[in-house]
Amino acid sequence: MEWTGARYADTPTVEVTTWVDAPPERVWELVSDVGRMPGASAELQSVEWVDGAVGPGVGARFLGRSAHPELGEWETVSTVIECERPTVFAWAVVDPENPTAVWRFRLTPRDDGTELSQWVQMGPAPSGLSLAIEAMPDKEQKIVFVRMREFERNMTATLEHIKQWAEA
């Protein structure tokens, strides 16, 4: 990831893409299985559907617990905002109308397999990162850049896990 100079209010985004030697239907089963994702992420510790939800669907909510060496431990409730089998699965963190982040998987058939991308948008609502920015406003651009680079690294690892699971 190259330096962007983005600030939190810019709602910066990053996207990672890979090709998976499996059909979109198989890959979809994996990306929409939120309970499986902690095995693919360094930060995500656990995920469980809440409010009676048992699987993906627009409006379904899930609780995620995460940990980071510098940011500590936290939990958030996310709401599924896009769920189109087998092409897109997306969720908004905390408030779907004003999220702290939006995450999205896109699946596109390509070369007898699937082009899989994961995308994230930071903000616009304040998040835990906002506390660091408030404490060091002169370093906001660097704080945002470092966090986006961490997202990119974690998403790359997540896509690699999904690829391995789908191709097994």
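Below is a summary of the structure that appears in this document. These numbers come from a predicted model, not from an experiment.

All right, on to the packing of helix H1 (residues 24-31) against helix H3 (residues 140-167) then. Across the interface, H1 lies against H3 with an axial gap of 10 Å and an inter-helix angle of 125 degrees. Taken as axis vectors, H1 and H3 run oblique relative to one another. Two packed elements cross with a definite hand, and for H1 against H3 that hand is right-handed. Here Arg 26, Val 27, Leu 30 and Val 31 of H1 lie close against H3, whose contacting residues are Ile 162, Trp 165 and Ala 166. Residues of the contact of H1 with H3, tallied by class, amount to six nonpolar, no polar and one charged.

In this structure, Val 27, Val 31, Trp 103, Phe 105, Leu 116 and Ile 162 are the most contacted members of the largest nonpolar core, which totals 38 residues. Here this core gets nine residues from one element, more than from any other, and that element is H3. Residues contacting Val 27, with those up to four places away along its chain left out, are Val 20, Ala 22, Leu 107, Thr 114, Leu 116, Ile 162 and Ala 166.

With that settled, consider the environment of Arg 65. Here Arg 65 shows up in strand S3 (residues 61-68). Separated by 38 residues in the primary sequence, Arg 65 and Val 27 place their C-alpha atoms 24 Å from one another. With residues up to four places along the chain from it excluded, the contact list for Arg 65 reads Glu 43, Leu 44, Gln 45, Ser 46, Glu 48, Trp 74 and Glu 75.

Our next topic: the pattern of salt bridges. Under the counting rule described, the total for this entry stands at eleven salt bridges. Residues Arg 65 and Glu 48 are paired through a salt bridge, measuring 3.2 Å at the closest nitrogen-oxygen approach. Note that Arg 65 is positioned in strand S3 and Glu 48 in strand S2 (residues 44-50), a separation of 17 residues in sequence. Close ionic contact of Arg 104 with Glu 82 constitutes a salt bridge, the shortest N to O distance being 2.6 Å. Within this pair, whereas Arg 104 is found in strand S6 (residues 101-110), its partner Glu 82 is found in strand S4 (residues 72-84), the two being separated by 22 residues in sequence. Ionic contacts of the salt-bridge type, sharing partners, join the residues Glu 43, Arg 147 and Glu 150 into one network.

What follows deals with the sheet that holds strand S1 (residues 13-20). Neighbouring strands of a sheet are bound in pairs by backbone hydrogen bonds; such pairs are parallel or else antiparallel. Read from one edge to the other, the open sheet built from seven strands follows the order S1-S7-S6-S5-S4-S3-S2, with strand pairing classed as antiparallel. In the strand order of this sheet, the two ends are held by S1 and S2, each with one partner. Neighbouring strand axes in the sheet, compared pairwise and without regard to direction, differ in orientation by 20 degrees on average. Bridge count for S3 against S4 is eight bridges, and the pairing is antiparallel. Bridging across to S4, Ser 66 finds its partner in Trp 74. Contacting S1, S4, strand S5 (88-93), S6 and strand S7 (113-122), H1 crosses the sheet at an angle of about 160 degrees to S6. Sitting on the sheet, H3 is in contact with S1, S3, S4, S6 and S7, with an inclination near 20 degrees to S1.

With that settled, consider unusual backbone geometry. For the peptide bond that leads from Arg 85 to Pro 86, omega is -5 degrees, which places it in the cis range. Structurally, the position occupied by Pro 86 is in the loop between S4 and S5. With a phi close to 60 degrees, Asp 51 is a non-glycine residue in the positive phi region. Counting through the fold element by element, Asp 51 comes out in the loop between S2 and S3.

Parameters at a glance
Residues numbered from 1 in each chain as written. Predicted model: local features only at pLDDT ≥ 70, side-chain atom pairs only at ≥ 80, totals over all residues. Heavy atoms only, no water. Axes fitted to C-alpha atoms, helices over the stretch in contact; angles between N-to-C directions. Helix = DSSP H or I, 4+ residues; strand = E, 2+ residues; numbered from the N terminus. Parallel < 35°, antiparallel > 145°, perpendicular 65-115°, else oblique. Left-handed = near helix turned anticlockwise from the far one by under 90°. Contact = heavy atoms within 4.5 Å. Nonpolar A, V, L, I, M, F, W, Y, C, P; charged D, E, K, R; others polar. Core = buried A, V, L, I, M, F, W, Y, C linked by side-chain atoms within 4.5 Å. Buried < 20%, exposed > 50% of the residue type's maximum accessible area, 1.4 Å probe, protein only. Salt bridge = Lys/Arg side-chain N within 4 Å of Asp/Glu carboxyl O. Pairing = 2+ DSSP bridges.

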